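The primary structure of each chain is shown beneath.
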Amino acid sequence: MAEIRIEGVEKTFGSFTALHSIDLTIRDREFMVLLGASGCGKTTLLRIVAGLETAGKGEVWIGDRRVDHLPPRARGIAMVFQNYAVFPHLTVYENIAFGLRMKKLPQAEVDRRVRSKAELMHIEMLLKRYSGELSGGQRQRVAVARALAMEPEVILMDEPLSNLDALLRLEMRAELKHVLAESRTTTIYVTHDQVEAMSLADRIAVMNAGRIVQADDPVQVYRNPAARFVGSFIGNPPMNFLPASRTEGGWRVAGQTVPGPASGKDRIDFAIRPEDLILADGGLPATVRVVEPLGPHTLITAEVDGAPFRAVLDSDLRVAPGDRITLAPNPDRIRWFDPETQDALT
Amino acid sequence: MTGATTAAAMPDVRRSGRWVFRAGIALLCAWVLVPIWLLMVNALSAPAEVAGFPKRLWPSFDLGSLTFFFRFRGVAEALWNSVQVAAVTMVLAIGLGAPAGYALSRFDFPGKEAFRFLVIMTRAFPLPLLALPLAVMFIRTGLDDTIVGLALVHATLALPFAVLITYSLFSGIPVELEEAAWTLGCSRPKAFVKVVLPLALPGIAASAVFAFVISWNEVFAAAVLTIQNRTLTAFLLQSLDVSPLHLKFAGGAALVIPALVFIFAVRKYLFAMWGIANR
Ligand SMILES: Nc1ncnc2c1ncn2[C@@H]1O[C@H](COP(=O)(O)OP(=O)(O)OP(=O)(O)O)[C@@H](O)[C@H]1O
Ligand SMILES: [Mg+2]
C-alpha cells in the first residue's frame, strides 16, 4: 500500500509563496500527473514529496508513514530528474545498480534486477557504456531503469520527456505508460504538456499559481473544468468564454438567449469548447477573421460580441474571412463560470 | 569607383593587421620564454660558461653547475624543508579550502557574499605588513622557525585560491547528481564520497598542486620567519651576495622547473578558476 497523502503543505521562498496549502491524495498504484504552467510550483511540490525540499507547513504521508521529517533515502521513493542525472563516472550497469548496492543486496540479486530493468527499457546492449557515450533518449532510459530497479513504492518524475525531440517523446510516452502500468507503482509525474498529461494520467491535478485547482480524471478535467483557468489551460485551442447577463428565461449571450444555471448573480461567464460548435441557424452571430484548414477539420477564429472566438468545424464547410456566420453551441457541452471566483457554476 | 579601391585596399589592411597580431604573439612568447631559456641554458652549462657571453642556443648539458648546487652546504636541507612546508601547506589549504568551496557552491547562508569577498580580501594585505607582528606572535607561541609555523602562513596565502578553485569545481557538478544519490539511498556524506568526490578529484588534486607551488615559490615569509630551517627560496635569498653566479642559476632552475611542470599539469583547472572557457 503506497497511497500518498499531502495535507496542508505550504512553501515560501523568502516573501514569495510558491505553494498555498496543498491537499492532494494519490491512491495506491495511481498515475497522477501534476499539470500547470511554468512556475506554478509543480517541481516544488514534487521535491517536497521526495524530501529534497522542506515544506514550511503541512504533512506528507506515504502509506501509513509520515515522511516529511525523513531524508529522501528513507522515504521509499525513486525519482527521475528532468536532466536525467545519470552519474558520469559510472557505467550504465553501475548506474542502475547504484541504489541496489546502497541497499547492500547480494550481487546475484543486483545483477538480476539490473538486467531485467535494462531489458525492459531496451538498453541491455549499453550496459558497459558511460553516460557521455549515450544519446539523450538513452540517458532517459537509464534514469528510468535506475528508478525502477529500486522497486520503490513511489516513483516521482519531473518532466522526464521534456528534453527529447517530438518523435522520441511520443515513443517514450507510450513506453513509460506501459512500463509503469506493469510495475504497478504509485507515480507522480510532473509536466507542463497537456497532451502528455491527458495521455498518461489516471488523474490530473491541475495547478495554478501554487494551488491545485482541480484533480480529476483526464476526461472530467477536459469536459468539466472546475475553474475557468482549467478550461483555458487545457485543450488546444482552448475554451471560448463570453460574458452572459441575466434575462427572461435564461442568459443573454451575444444577443442570443441561452438556458443556464440559476444563479443569484446578474453577470456570469458562458463557456464552450471550439469543437462543440456547429454552423447552424439561431446560433451566436460571428464574423470570420482567420481560416486555418488542418485536414480533418478547419480551425476558425471569428469575432463574437467583439471578442475572439474559435470554432473547429468540418473541413468540407466553405467559409472565408469576412463571412458572417452563426455558430450554434451543443447545449450539453455549455459550461458556466462565476466571473469573480472563477469557479464553475452548475 | 570608391568601392573598387576599398576592395583592393582591404587585403593590405588585413595583411598588416595579421602581422601586428603575429608580432604581438611573438613578443608575449618571448616575454615568458626568454627568462626561462636563460635560466635553462645557464643551469645546464659548466660553471665557467655561465658568466660568458653571447649565450649558446642550446646548453652544453654540462651538469657541473647543478652538481655543485646540490652538493652546496645547506641546499639539501633547504630543499627538504621546502618540500615539507609545501606539503603541509597543501594539506591545510585543501583540508580547509575544499569544505569552504563546497559550502559556497551548495548552501545559501547569511553572509555568503561577504564571506566570498573576505576570502579574496585576505590577498589585499601585503605580507611585509603582517610579517613583523607575525614574527613576534610566532616567537611568543614557539612557532617561529618551524615547518608548521611557516606552512600556516603559506596556507593563508594559498587558501583563497583553494576556496575559489574548489568552489568553481563543485559548482560545475550538477546538484541533481547528488540529489539522485540521496533518493537512491545515500546520506549526504555518502553521496559526497560516492558521487561528488570521484568527479571532483582531478580538480582537487590540481588545486592541491597549486597550493604546493604557492608555498614552494614563496620568499618573504620564509625569509622572515625561519632562521635555521630555511626553505630553498629563503636559503637562496640569504646566500645571494655570497654565492657564485652559476649557483644562483642552478638554484633558480631548481625552483622554477617543478613549479612550471606542476602548473602546466593543472592549467585546465586554473583557467576554470578565472572563468576562462577552455577545452
Ligand atoms: N530555490 C528557490 N528560491 C526562490 N524561488 C524559488 C526557488 N525554487 C522555486 N522558486 C519559485 O517557486 C515557483 C515555483 O517553482 P517550480 O520550480 O516549482 O515551478 P514549476 O511549476 O516546476 O515550473 P517549470 O514548469 O518551469 O519547471 C517559481 O515561481 C520559482 O521562481
Ligand atoms: Mg519544474
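How each quantity is defined
The residue numbers shown here count from 1 along each chain, following its written sequence. Note on labels: chains are lettered from A, ligands numbered from 1, in written order. Local features in this predicted model are restricted to residues whose pLDDT is 70 or higher, and side-chain atom pairs enter the listing and the counts only when it is 80 or higher, whereas totals over whole chains, interfaces and linings include all residues. Side-chain figures throughout are based on the complete set of non-hydrogen atoms in the structure, without hydrogens or water. The pairing criterion for strands is at least two bridges between them, as found by DSSP. Here a helix means four or more residues in a row that DSSP labels H or I, a strand means two or more in a row labelled E, and each is numbered from the N terminus. Lines fitted to the C-alpha atoms define the axes, with helices restricted to the stretch that makes contact. Angles between their N-to-C directions range from 0 to 180 degrees. For the purposes of this description, domain bounds are those given by an automatic or database domain assignment. Values labelled buried area give the accessible surface lost by two parts on being combined, using a 1.4 Å probe and summing over both. Any Lys or Arg side-chain nitrogen found within 4 Å of a carboxyl oxygen on Asp or Glu counts as a salt bridge. Under the rule applied, a polar contact is a pair of N or O atoms within 3.5 Å (in protein, one hydrogen donor and one hydrogen acceptor; residues adjacent in sequence only if both atoms are side-chain atoms). Note that Gly is not counted as nonpolar here; it falls among the polar residues with everything else outside the nonpolar set of Ala, Val, Leu, Ile, Met, Phe, Trp, Tyr, Cys and Pro and the charged set of Asp, Glu, Lys and Arg. Summary of the burial criterion: residues with accessible area below 20% of their type's maximum are buried, those above 50% are exposed, and those between are partly exposed, where the area comes from a 1.4 Å probe applied to protein chains only. Working note: the arc is built from the helix axis to C-beta atom directions. Only heavy atoms enter the contact rule, under which two residues are in contact if any of them lie within 4.5 Å. Each patch is assembled from residues with relative accessible area greater than 30% and no salt bridge, linking like charges that lie within 9 Å and nonpolar side chains (Val, Leu, Ile, Met, Phe, Trp, Tyr) that lie within 5 Å. All accessible-area figures derive from a Shrake-Rupley calculation using a 1.4 Å probe, and residue coverage is judged against the displayed protein chains alone.

Enquirer: Whenever I open this one, the sheet that holds strand 18 (residues 324–329) of chain A confuses me. Can you help?
Expert: In a beta sheet, neighbouring strands are held together by backbone hydrogen bonds and run either parallel or antiparallel to one another. Residue and element names in this part refer to chain A. Taken in spatial order, the 4 strands make up an open sheet running 17-16-15-18, and their pairing is antiparallel. Of all the strands in the sheet, just strand 17 (307–314) and strand 18 have a single pairing partner and so form its edges. Strand-to-strand twist of the sheet, defined as the mean angle between neighbouring strand axes without regard to direction, takes the value 55°.

Enquirer: Can you help me understand the domain arrangement of chain B in this one?
Expert: Residues and elements named next belong to chain B. Partitioning chain B into domains gives domain 1 (2–43) and domain 2 (72–277). Relative to domain 2, the C-alpha centre of domain 1 lies at a distance of 36 Å. When domain 1 packs against domain 2, the two sides together hide about 510 Å² of surface, and 91% of this comes from carbon and sulfur. Between domain 1 and domain 2 we count 0 salt bridges in total. Seen at the junction of domain 1 and domain 2, the total is 0 residue pairs in polar contact (both at pLDDT 80 or more). Taken together, the residues of the side of domain 1 that touches domain 2 sort by class into 5 nonpolar, 1 polar and no charged.

Enquirer: Would you mind showing me how to read helix 3 (residues 64–71) of chain B here?
Expert: Here helix 3 of chain B has its buried residues at Ser65(B), Leu66(B) and Phe69(B). Buried residues in helix 3 of chain B, looked at end-on, bunch into an arc of 95°, giving them a common side.

Enquirer: Would you mind going over the pairing of strand 14 (residues 267–272) of chain A with me for this structure?
Expert: Walk down a regular strand and you will see the side chains alternate between the two sheet faces. Residues and elements named next belong to chain A. Extensive coverage of strand 14 is indicated by the burial of 5 of its 6 residues. Pairing analysis gives 6 bridges linking strand 11 (residues 240–247) to strand 14, with the strands arranged antiparallel. In the strand pairing of strand 14, Asn240 is matched with Ile272.

Enquirer: Help me out: how do you make sense of the interface of chain A and chain B in this one?
Expert: The accessible area lost on association of the parts is a frequent measure of interface size. The interface of chain A with chain B comprises 19 residues on the first partner and 16 residues on the second. Together chain A and chain B conceal approximately 1,600 Å² of surface at their shared face, both sides included; 74% is due to carbon and sulfur atoms. Where chain A packs against chain B, one counts 1 salt bridge. Across the pair Arg47(A) and Glu179(B) runs a salt bridge, and its minimum N-O distance is 2.7 Å. If you look at where chain A meets chain B, you find 3 residue pairs in polar contact (both at pLDDT 80 or more). Take the side of chain A that touches chain B: its biggest share by element is 3 residues, from helix 2 (residues 92–102) of chain A. Looking at the side of chain A that touches chain B residue by residue, the class counts come to 12 nonpolar, 3 polar and 4 charged.

Enquirer: Whenever I open this one, the pattern of salt bridges confuses me. Can you help?
Expert: Opposite charge on two side chains allows them to pair when their charged atoms are near. Residues and elements named next belong to chain B. Going through the model one piece at a time under the given rule, you end up with 29 salt bridges over all chains. Across the salt bridge formed by Glu178 and Arg106, the nearest N and O atoms sit 2.5 Å from each other. With Glu178 in helix 8 (residues 175–183) and Arg106 in helix 4 (residues 75–106), this pair connects stretches of sequence that are 72 residues apart. Each member of the pair, Glu178 together with Arg106, is buried.

Enquirer: Would you explain the sheet that holds strand 8 (residues 186–191) of chain A in this entry?
Expert: Residue and element names in this part refer to chain A. Ordered by their spatial adjacency, 6 strands build an open sheet running 6-7-8-3-9-10, and the pairing between neighbours is mixed. Each edge of the open sheet is held by one strand with a lone partner, namely strand 6 (77–80) and strand 10 (211–216). Across this sheet, the average inter-strand angle for adjacent strands is 20°, counted without regard to direction. Relative to strand 8, strand 3 (residues 31–36) is paired through 5 bridges, and the arrangement is parallel. Its bridge partner lying in strand 8, Phe31 is registered against Thr187. Sitting on the sheet, helix 1 (residues 42–50) is in contact with strand 3, strand 6, strand 7 (154–158), strand 8, strand 9 (203–208) and strand 10, with an inclination near 150° to strand 7. Against the sheet, helix 4 (residues 136–149) makes contact with strand 6 and strand 7, and its axis sits at roughly 175° relative to strand 6, the strand it touches most.

Enquirer: Where do I start with a nonpolar patch on the surface in this structure?
Expert: All names here are of chain B. Taken together, Val34, Trp37, Leu38, Leu57, Trp58 and Phe61 make up a surface patch of nonpolar side chains, about 660 Å² in accessible area. Inspection of the secondary structure assignment puts Leu38 in helix 1 (residues 2–43). For Leu38, a relative accessible area of 31% gives the class partly exposed.

Enquirer: What is the right way to read unusual backbone geometry from this model?
Expert: Negative phi values dominate among residues other than glycine, just as trans dominates among peptide bonds. Residues and elements named next belong to chain A. Residue Pro237 follows Asn236 across a cis peptide bond; omega there is 0°. With respect to the secondary-structure elements, Pro237 resides in the loop between helix 8 (228–233) and strand 11. Not every positive phi belongs to a glycine, and Asp305 is a case in point at roughly 55°. Along the chain, the position of Asp305 falls in the loop between strand 16 (297–304) and strand 17. Residue class for Asp305 comes out exposed when judged on its relative accessible area of 52%.

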